[in-house]
Amino acid sequence: MDKETILDWYRQMVLIRRFEQRCSELYQAGKIGGFLHLYIGQEAVAVGSINAKQENDHVITAYRDHGHALVIGSDTNAVMAEMLGKSTGVSKGKGGSMHLADVERRFWGGHAVVGAHLSLATGIALAEQYQGTDAAVLCYFGDGATNIGYFHESLNLSGVWDLPVLWICENNQYGMGTAVERHTAATNIMQKASGYDIPAAQVDGMDVFAVHEATQKALAAIRNGEGPQFLEIMTYRFEGHSMGDPLRYRTKEEVEKWREDDPIGILERHILAENLASKDELEAIDTAVETHLDEAVNFAESSPLPAPEELFTDIYVEN
Amino acid sequence: MARITMRQALTDALREEMHRDERVFIMGEEVGVWGGTYAVTRGFYDEFGPRRVRDTPISEMVIGGAAVGAAMAGLRPIAEFMTINFAFVAFDAIINHAAKMRYMFGGQMRVPLVLRAPGGGGRQLGATHSHTPDVIFAHFPGLKVVSPSTPYDAKGMLKAAIRTDDPVLFIEHATLYQVRGEVPEGDYVVPIGVSDVKREGTDVTIVAYAQGLQVALAAAEKLAKEGIEAEVVDLRTLRPLDMAPVLKSFQKTFKAVVVEEGHRSYGIGAEIAARIQEEGFDYLDAPIKRVAQEEAPLPYSRELEQSALINVDKVIAAVKEIV
Ligand SMILES: Cc1ncc(C[n+]2csc(CCOP(=O)(O)OP(=O)(O)O)c2C)c(N)n1
Ligand SMILES: [Mg+2]
């Protein structure tokens, strides 16, 4: 791994973290509405895995989608504008935080019904197989999502049809306030994949290198004709499920313990230990990210709201 | 012109569209090797092969959702629900996904998808297998909902549904598969969202669609013998609803009866009646009547089931109350 790449991953992780800290403030100021689900703590998952994909691969995820959108390379201004419900947003202000998409970059959202997008991923993978391309689909979902019918039907069909899809479970230990041991009978979630004869691996989600390597391996297997693959990535969300979560279901000690494994901290220590950059150079990256975000917030705040007639556009292609 | 069944008309439309566009494919339970539960895709598996005629497991959620995903990514899927009753299992995929995808992402996506679903009562299949839930699906903007009543419309509208870039729920009333009608050879399209006058008359407007349209036409013939000339308007498409021919007819007859196979409450009749009084109040001469399914689940026992469903006598009685 060359130095530039590693520093760029660092920048991407910091961008997600700081973007969401801004969002949290904007939410408290009443400028972002609806549900807001922060990805803080899980940054290494999106960064490690999306950077392992090839250009024509697809990405689709659930409502905790800011990180994926930013790593995909969506315009930060347009992502921030979507958070504020502005017409310049990626989804013209009609989707909000949970529904970011960037179809040009093959990022299909941002989906808010738990598990439903696994079926969409199945269909996207089918389209690629049907057309005989070498593209795969990276489909992200939570531990809680492995309990809904969509998960089981989608894994099964992907196996029956040998579809080019990489199932990526971001196991952050909870579905809302329900811990894995309390929500699923097979707590070793990767085991569920074996029910559909899909090869699976478990990965340390705080280690961006481990995530990257596992994703590369799984995608290579898919492109080698070995069918769908499954990764269970062990991670943790440092903040609540969404804004206003009373956090009654876990202890401060537990959170503190996981925070010692902050994925950005781990990467920073690695960079310093390997002399890839100095502390000052990393701080310069942080500062550049903040400047970039100042711009994004400015852009979003000064963008116009959707025009009233936008209520009725985009319902159909052909009216 | 040949007189063919609605089943044949649907088969022809599917086959011609499969030949016309390589992106069109069929997926669903028993669509392939079996030949389709209602034999609409018989022979397709041999003709087009397993790549384009795809048997699925019994997994309605992913049949619906994967069809949406494939459509988003550039294919033109025709997904079949064995019956519309099982589409309830896929309600989320249809309503939250097929119908919302384009809007929610600000027009970035298109979902050129046809969901075919046979439905309807009258076949002694019991309460879970006899629904006519068309209106439930027609409630939501983003989905197009059509249900033809003649072989001619069936062929032309299925072609239109396959060619439109929007998701279409194509409801086929199972008792209509055997109905025969004239269908020209070759390619033609009947547009979605256009209601059609199927019989002209001056005394009363009967609004109907699908199986109800056949009932309405039979009732109109009987009424004609008694000197009552009914105009019969076929909605054909429930969303987007084309009210123009209904209102035009009503301005001539001043009276209307709405015939539908679904339950009366919150139904098509309620919608049409409301629209007529909103948009044609000055022409209103009598209460608008509704002929619809009774407010009970459909029972198995034949006579009891028939008593709950619409029929020619019920339509005639409703007409006579206001004419
Ligand atoms: C079908 C459905 N049921 C319930 C919800 C409400 N809900 C939103 S997020 C969530 C928890 C999901 O947990 P998980 O899949 O682990 O993802 P995480 O939030 O941890 O990223 C629930 C129950 C929903 N959005 N959709
Ligand atoms: Mg979770």
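What you are looking at is a predicted structure, and each value in this text was computed from that prediction instead of being measured. (Residues numbered from 1 in each chain as written. Chains lettered and ligands numbered in written order. Predicted model: local features only at pLDDT ≥ 70, side-chain atom pairs only at ≥ 80, totals over all residues. Heavy atoms only, no water.)

With respect to the sheet that holds strand β13 (residues 256-263) of chain B
Residues and elements named next belong to chain B.
Okay, so step 1: Pairing in this open sheet of five strands is mixed, and the strands run β9-β11-β10-β13-β14 from one edge to the other. Only two strands of the sheet have a single neighbouring strand rather than two, namely β9 (196-199) and β14 (289-293). When strand polarity is set aside, the average angle formed by the axes of neighbouring strands in this sheet is 25 degrees.
Okay, so step 2: As paired elements, strand β10 (residues 204-208) and strand β11 (residues 230-234) share five bridges and run parallel to each other. Residue pairing across strands places V207 opposite V233, the latter belonging to β11.
Okay, so step 3: Contacting β10, β13 and β14, helix α13 (residues 312-322) runs over the sheet at an angle of about 165 degrees to β14. (Pairing = 2+ DSSP bridges. Helix = DSSP H or I, 4+ residues; strand = E, 2+ residues; numbered from the N terminus. Axes fitted to C-alpha atoms, helices over the stretch in contact; angles between N-to-C directions. Contact = heavy atoms within 4.5 Å.)

Quick notes on the packing of aromatic side chains
Okay, so step 1: All told, the structure shown has 16 aromatic pairs over all chains when counted by the stated rule.
Okay, so step 2: Taken together, the aromatic side chains of A:Y174, A:Y236, A:F238, A:Y249 and A:W258 make up a single cluster linked through ring pairs.
Okay, so step 3: Here the basic side chain of B:R51 rests over the ring of A:Y130, its NZ or CZ set 3.9 Å away from the ring centre.
Okay, so step 4: When the ring centre of A:W161 is taken as reference, the NZ or CZ atom of B:R54 above it lies at 4.2 Å. (Phe/Tyr/Trp six-rings, centres within 6.5 Å; stacked < 30°, edge-to-face > 60°. Lys NZ or Arg CZ within 6 Å of the ring centre and 35° of its normal.)

Details of the interface of chain B and chain A
When the parts of a complex come together, some accessible area is lost, and that lost area is often used as the size of the interface.
Okay, so step 1: The partner chain A presents 41 residues to the 47 residues of chain B that form the contact.
Okay, so step 2: Carbon and sulfur atoms make up 64% of the area that chain B and chain A hide from each other, which totals about 3700 Å².
Okay, so step 3: Its largest share of buried area at the contact with chain A, chain B owes to B:M61, B:Y103 and B:Q108, together 18% of the area lost on that side.
Okay, so step 4: Across the chain B-chain A interface, the total number found is zero salt bridges.
Okay, so step 5: Inspection of the region where chain B meets chain A yields 23 residue pairs in polar contact (both at pLDDT 80 or more).
Okay, so step 6: Within the residue set of the side of chain B that touches chain A, elements represented by two or more residues are β2 (24-28), β3 (53-55), α3 (60-72), α5 (91-98) and α6 (101-104) of chain B.
Okay, so step 7: Here the side of chain B that touches chain A takes nine residues from α3(B), the largest share from any one element.
Okay, so step 8: A per-class count over the side of chain B that touches chain A returns 20 nonpolar, 12 polar and 15 charged. (Buried area = accessible area lost by both parts, 1.4 Å probe. Salt bridge = Lys/Arg side-chain N within 4 Å of Asp/Glu carboxyl O. Polar contact = N/O pair within 3.5 Å; in protein donor to acceptor, adjacent residues only side chain to side chain. Nonpolar A, V, L, I, M, F, W, Y, C, P; charged D, E, K, R; others polar.)

Function cannot be inferred from these measures alone, as they are strictly geometric.
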